[in-house]
Amino acid sequence: MAQAGAGESQGPLAQFMIQKIIPFEVGGVDVSFTNSSLAMVAAVVLVSSFLVFSMRRGALVPGRWQIVAEMSYEFIANMIRDNVGQEGRRYFPFIFTLFMFVLAGNMIGMVPYSFAFTSQIAVTFGLAFAVFIGVTLIGFIKHGFKFFGFFLPEGVPWFLAPLMIPIEILSYLARPVSLSLRLFANMTAGHTMVKVFAGFIFLLGIAGVAPLLMVIVLTGLKLIIAFLQAYVFTILTCVYLNDALHMH
Amino acid sequence: MPQLDPSTFATQLFWLFLTFTALFLIAWKVALPRMTEVLNTRQERIEGDLEKAETLKAEAEEVLAAYEKTLADATSEAQGVHHRTAQEMTEERTKQQEALSRTLLEQAQAAEARIAGEKTEAVDNIREATLGVVQSATQRLIGAEVAEQDADRAIRAALEESRA
């Protein structure tokens with residue numbers, strides 16, 4: 001959780017402040033290197049070195065690190081096979097990257113004084129919107145204009161069409177919103193809650209043991225949520241991809 | 001909420017794009033092919049080993065079958081030899097027994113013949129010995145001279161009578 005600079009608010013939401021580290025602009029747009037960018041770069045470095053170094057020996061009988069790397073590989077491969085099927089294999093690198101990136105972002109956020117870029121709505125929406133656009137393009141490339149049939153499920157009586165089509169379109173458009181909000185809200189709520197309880201520890205003196213225990217419990221819970229939300233984000237991407245490839 | 005400050009969106013999206021693309025390229029071009037290769041190698045190795053084990057098992061089964069066949073052949077051969085020998089021995093024994101009984105029979109017959117011959121001889125001796133006795137006894141008792149032929153005939157008749 002980022003320690004806010006001097007004179008800034010020390011409230012529970014201060015940890016989500018974007019701090020410029022190396023300010024610069026491109027064409028009038030601010031693209032400074034910030035604490036958020038630092039966390040993203042850290043995620044890339046961590047995930048890449050984990051994947052590369054754990055598989056460096058490529059042993060027939062894997063060691064500890066190699067087992068973890070292979071487990072993550074099998075985990076995503078199975079997820080795609082179960083939710084998308086054979087056609088999903090092409091998208092394995094993207095979905096694997098998505099999972100590892102979100103998981104690394106969540107886990108880096110768990111380190112005290114670090115920064116959780118997955119608690120930034122801009123980041124989660126950016127990812128969710130990219131998935132949404134990509135999946136929609138795949139749907140149109142594969143099915144052409146028939147993909148519009150997605151908005152009128154088969155077997156629905158014709159007189160329900162005026163009702164069904166807007167509902168389906170709305171729910172389809174809501175996908176990136178719900179996908180990004182879910183991750184953003186979970187991470188923000190977790191970090192805020194821990195910060196609030198942590199603030200009470202010193203205020204309450206000896207009774208501060210109670211919020212301290214609470215923080216410990218919440219930290220465990222957040223570790224689970226960090227994994228779970230990365231999983232949910234990835235599996236929903238798989239579900240959307242399956243919808244685009246196979247329609248309903 | 002600091003997250004809703006639009007002034008931070010551009011930089012976050014910019015860096016998100018940059019870092020995510022970098023990670024994607026690393027995973028796609030470097031990390032994942034390596035993992036696929038390692039996993040495939042292992043899979044192939046396992047399948048190869050299983051195949052080899054299968055072959056070896058089949059081979060062992062073949063050897064076992066051959067061994068069992070040899071064993072069965074040997075057993076049946078031994079049984080045949082045993083059977084044949086037993087038969088031969090039985091035949092031999094029967095033959096010897098027959099020969100023995102034949103010899104015994106022949107000897108018994110020869111003995112019987114000899115006994116009969118000696119008996120006849122003894123009877124003849126008795127007749128010859130009696131002939132003189134009969135002639136002189138008759139002379140003494142009735143004073144009649146008995147012809148040798150008549151005496152012989154009478155003795156023979158008496159002998160025949162006693163033998164009967």
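Residues numbered from 1 in each chain as written. Chains lettered and ligands numbered in written order. Predicted model: local features only at pLDDT ≥ 70, side-chain atom pairs only at ≥ 80, totals over all residues. Heavy atoms only, no water.

All right, on to the packing of helix α4 (residues 121-143) of chain A against helix α6 (residues 209-246) of chain A then. All names here are of chain A. For the pair α4 and α6, the least separation of the axes is 8 Å and the interaxial angle reads 20°. Between α4 and α6, the crossing angle belongs to the class labelled roughly parallel. Along this stretch, α4 crosses α6, giving a crossing that reads as right-handed. Counted together, T124, L127, A128, V131, V135, I138, G139, K142 and H143 of α4 and F233, T237, Y240, L241, A244, L245 and H246 of α6 form the full contact between these two elements. Within the contact of α4 with α6, the residues separate by chemical class into 10 nonpolar, five polar and one charged. (Axes fitted to C-alpha atoms, helices over the stretch in contact; angles between N-to-C directions. Helix = DSSP H or I, 4+ residues; strand = E, 2+ residues; numbered from the N terminus. Parallel < 35°, antiparallel > 145°, perpendicular 65-115°, else oblique. Left-handed = near helix turned anticlockwise from the far one by under 90°. Contact = heavy atoms within 4.5 Å. Nonpolar A, V, L, I, M, F, W, Y, C, P; charged D, E, K, R; others polar.)

Right, let's talk about helix α3 (residues 92-110) of chain A for a bit. Because an α-helix packs 3.6 residues into every turn, residues spaced three or four apart end up facing the same way. Spanning 19 residues, α3 of chain A covers 27 Å between terminal C-alpha atoms, matching the ideal 27 Å at 1.5 Å per step. Counting buried positions along α3 of chain A yields 17 of 19 residues, so the element is predominantly enclosed. (Expected span 1.5 Å × (residues − 1). Buried < 20%, exposed > 50% of the residue type's maximum accessible area, 1.4 Å probe, protein only.)

Aromatic ring pairs are reported here in terms of the distance separating the ring centres and the angle at which the planes meet. Residues and elements named next belong to chain A. As enumerated under the stated definition, the model contains 27 aromatic pairs over all chains in all. Taken together, a centroid distance of 5.5 Å and an interplanar angle of 35° make the contact between F75 and Y231 tilted. Of this pair, F75 sits in helix α2 (residues 64-83) while Y231 is found in helix α6, placing the two residues 156 residues apart along the sequence. With a relative accessible area of 27%, Y231 lands in the partly exposed category. When the ring of W158 is compared with that of F159, the centres are 5.7 Å apart and the planes differ by 85°; the resulting orientation is edge-to-face. (Phe/Tyr/Trp six-rings, centres within 6.5 Å; stacked < 30°, edge-to-face > 60°.)

Residue and element names in this part refer to chain A. Residues F125, F129, I133, L137, I141, V177 and L181 make up a contiguous nonpolar surface patch of about 630 Å² in total accessible area. Sorting the residues of the nonpolar patch by element identifies α4 and α5 (161-203) as the ones contributing at least two each. A total of five residues in the nonpolar patch trace back to one element, the largest contributor, which is α4. With respect to the helices and strands, the residue F129 is situated in helix α4. For F129, a relative accessible area of 38% corresponds to the partly exposed category. (Patch = residues over 30% accessible without salt bridge, like charges linked within 9 Å, V, L, I, M, F, W, Y side chains within 5 Å. Areas by Shrake-Rupley, 256 points an atom, 1.4 Å probe, with all protein chains shown as cover. Salt bridge = Lys/Arg side-chain N within 4 Å of Asp/Glu carboxyl O.)

This paragraph deals with unusual backbone geometry. Among all residues except glycine, the phi angle is most often negative; among peptide bonds, the trans geometry is most common. All names here are of chain A. Positive phi, normally seen in glycine, also occurs at Y113, with a value near 70°. By the secondary structure assignment, Y113 is in the loop between α3 and α4. On the basis of relative accessible area, Y113 is assigned to the exposed category, the value being 61%.

Bringing the pattern of salt bridges into the picture now. Residues and elements named next belong to chain B. Evaluation of the coordinates by the stated rule reveals 11 salt bridges over all chains. Put simply, R156 and D152 hold a salt bridge, and the shortest N to O gap is 3.3 Å. Of this pair, R156 and D152 both sit in helix α2 (residues 148-163), four residues apart, which is roughly one turn of the helix. On the basis of relative accessible area, R156 is assigned to the partly exposed category, the value being 42%. One connected set of salt bridges, linked through shared partners, spans D124, R127, D152 and R156.

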